[in-house]
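Here's the letter readout for the chains.
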Amino acid sequence: MFDTAIAGSLPKPAWLAETEKLWPQWKSQGAELQQAKADATLLWIKAQEDAGLDVIGDGEQARQHFVHGFVEQVEGIDFEHKVTMGIRNNRYDAQVPQVVAPLRLKGRVHAFEAQLARAHTKKKLKFTLPGPMTIVDTVADRFYGDKVKMAMAFAELLNQEALALQADGVDIIQFDEPAFNVYMQDASDWGVAALEVAARGLTCTTAVHICYGYGIKANVDWKQTLGEEWRQYEQVFPALARSSIQQVSLECFHSHVPPELMQLLEGKDVMVGVIDVASDVIETPEQVADTIGLALQYVPKQHLIACTNCGLAPMSRAVAMAKLDALAKGAALARQRYGA
């Protein structure tokens with residue numbers, strides 16, 4: 001009851017990459033970089049296990065960014081001539097690669113880190129992939145001329161890698177779709193359908209993560225414009241409830257999301273965000289347990305998973321470690337309070 005998990009990313013150690021940055025530069029290259037990525041992955045697996053988390057991730061240590069870590073291994077994308085593009089409905093500008101030809105995987109994308117993680121934990125292993133709609137919002141299209149067509153092309157590639165990750169022994173495959181909270185009508189019209197293509201044929205647990213973004217200034221500033229109630233989930237949750245996706249990760253603690261919106265996910269496992277990723281203040285176990293208690297008004301206890309609001313990548317390592325500890329201790333306290 002009340003399994004614990006992170007949304008996906010964790011801070012990169014200073015010897016691997018720049019710290020507290022969303023798009024950090026690597027500190028080495030070649031074989032040395034590969035070893036550093038492996039070392040960082042193992043470090044965070046141990047940290048999650050030491051904290052007492054139930055579901056373990058690789059912390060996305062082998063990827064510079066959660067989207068570009070995947071698309072770097074896709075043919076038909078020009079990384080040499082990046083362009084500046086407003087992403088997440090022009091919330092902030094980013095240097096993005098351009099799609100210039102038909103999309104095709106160069107080969108396996110995440111075999112190295114998935115197999116490494118599987119070999120070093122006996123707990124449930126979750127692996128994250130960017131969702132097709134969010135990828136489309138993070139690259140410039142110079143070929144397809146139709147974002148739905150391009151999203152479906154990316155969905156097919158994601159499906160190839162997801163099936164291979166399942167064969168690697170991954171227990172949960174999560175697709176990250178922050179774009180669902182920005183283009184709500186598109187998400188309902190075709191975003192969930194593209195997600196279904198990405199998850200096609202999977203027999204492991206499938207999940208989608210929908211948040212209000214990392215704790216960077218552009219996202220914090222955007223949240224200030226959303227008013228007293230954040231009702232974006234209201235438009236996409238019904239479509240997800242009808243989908244085959246089994247788990248939905250959402251933002252809760254320190255957000256203005258009306259908690260009753262969780263009722264729209266009836267029948268799904270709900271990964272409730274109980275850890276704020278936009279603040280360095282460490283949650284107390286009591287606060288985590290209180291948030292779980294609030295969610296229990298709308299989510300059956302057997303369907304509730306305690307999670308972080310989003311990734312922890314831009315945070316300091318010390319803060320992230322402390323938040324993992326609070327997550328596990330808070331869930332343990334909730335089991336005492338609300339257990340059968």
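Before any of the text, the structure's been laid out above.
Since the structure is predicted, the reported quantities are computational estimates derived from the model, not experimental observations.

(A) Layout of the packing of helix 1 (residues 30-51) against helix 10 (residues 317-338). Helix 10 packs onto helix 1 with a crossing angle of 35° between their chain directions and a minimal axis gap of 8 Å. Crossing handedness for the pair helix 1 and helix 10: right-handed. Of the residues in helix 10, those in contact with Leu-43, Trp-44, Ala-47, Gln-48 and Ala-51 of helix 1 are Arg-317, Ala-320, Met-321, Leu-324, Asp-325 and Ala-328. Residue composition of the contact of helix 1 with helix 10, grouped by class: 8 nonpolar, 1 polar and 2 charged.

(B) Fine view of the pairing of strand 6 (residues 172-176). Taking burial as the measure, the 5 residues of strand 6 include 5 buried ones, the bulk of the element. The two faces of strand 6 match: Ile-172, Gln-174 and Asp-176 on one face and Ile-173 and Phe-175 on the other face are all buried. With 5 bridges joining them, strand 4 (residues 124-130) and strand 6 adopt parallel strand pairing. Of the residues in strand 6, the one forming a bridge with Phe-127 is Ile-173. Bridge analysis of strand 6 against strand 7 (residues 205-209) gives 5 bridges, and the strand direction is parallel. Note on strand 7: the bridge partner recorded for Asp-176 is His-209. With helix 6 (residues 184-198) bridging strand 6 and the parallel strand 7, this β-α-β connection has right-handed handedness.

(C) Examining the side chain of Asp-276 more closely. Relative to the helices and strands, Asp-276 resides in the loop between strand 9 (269-275) and helix 9 (285-295). Within polar-contact distance, the side chain of Asp-276 engages the side chain of His-254 at 3.0 Å. When near neighbours in sequence (up to four residues on either side) are disregarded, Asp-276 contacts Phe-253, His-254, Glu-283, Asn-309, Met-315 and Lys-323.

(D) The arrangement of the packing of helix 5 (residues 147-167) against helix 6 in detail. Interaxial distance between helix 5 and helix 6 falls to 7 Å at its minimum, and their mutual angle equals 30°. The pairing of helix 5 with helix 6 is recorded here as roughly parallel in orientation. Note that helix 5 runs across helix 6; the crossing there is right-handed. From helix 5, Lys-147, Val-148, Ala-151, Met-152, Ala-155, Glu-156, Leu-158, Asn-159 and Ala-162 reach across to helix 6, where they touch Asp-186, Trp-190, Ala-193, Ala-194, Val-197 and Ala-198. Of the residues belonging to the contact of helix 5 with helix 6, the class tally is 11 nonpolar, 1 polar and 3 charged.

(E) A look at the environment of Gly-311. Looking at where Gly-311 falls in the secondary structure, it is placed in the loop between strand 10 (304-308) and helix 10. By relative accessible area, Gly-311 is classed as buried at 6%. For Gly-311 and Asp-276, which are 35 residues apart along the polypeptide, the C-alpha to C-alpha distance reads 9.7 Å. With residues near it in sequence (within four places) discarded, Gly-311 still touches Ala-7, Ser-9, Tyr-214 and Val-277.

(F) Inspection of the sheet that holds strand 3 (residues 92-105) at higher detail. Read from one edge to the other, the open sheet built from 3 strands follows the order 2-3-5, with strand pairing classed as mixed. With one partner strand each, in any of the chains shown, strand 2 (74-87) and strand 5 (140-141) form the two edges of the open sheet. As defined by bridge partners, strand 3 adjoins strand 5 across 2 bridges and the pair is classed as parallel. Directly across from Gln-98, in strand 5, lies its bridge partner Ala-140.

(G) A look at the pairing of strand 10. Across the 5 residues that make up strand 10, a large majority, 5, are buried. Of the crossover connections in this fold, the one passing from strand 9 over helix 9 to the parallel strand 10 is right-handed.

(H) Quick peek at the pattern of salt bridges. Within this structure, the stated rule accounts for 17 salt bridges. Where Arg-108 meets Glu-161, a salt bridge forms, and the shortest distance between an N and an O atom there is 3.0 Å. Of this pair, Arg-108 sits in the loop between strand 3 and helix 3 (111-120) while Glu-161 sits in helix 5, placing them 53 residues apart in sequence. Given a relative accessible area of 33%, Arg-108 falls into the partly exposed group. Taking relative accessible area as the criterion, Glu-161 reaches 1% and is therefore assigned buried.

Definitions and limits used
Residues numbered from 1 in each chain as written. Predicted model: local features only at pLDDT ≥ 70, side-chain atom pairs only at ≥ 80, totals over all residues. Heavy atoms only, no water. Axes fitted to C-alpha atoms, helices over the stretch in contact; angles between N-to-C directions. Helix = DSSP H or I, 4+ residues; strand = E, 2+ residues; numbered from the N terminus. Left-handed = near helix turned anticlockwise from the far one by under 90°. Contact = heavy atoms within 4.5 Å. Nonpolar A, V, L, I, M, F, W, Y, C, P; charged D, E, K, R; others polar. Buried < 20%, exposed > 50% of the residue type's maximum accessible area, 1.4 Å probe, protein only. Pairing = 2+ DSSP bridges. Right-handed = clockwise from strand over helix to strand, strands pointing away. Polar contact = N/O pair within 3.5 Å; in protein donor to acceptor, adjacent residues only side chain to side chain. Parallel < 35°, antiparallel > 145°, perpendicular 65-115°, else oblique. Salt bridge = Lys/Arg side-chain N within 4 Å of Asp/Glu carboxyl O.

Shape is all these values report; function is a separate question.
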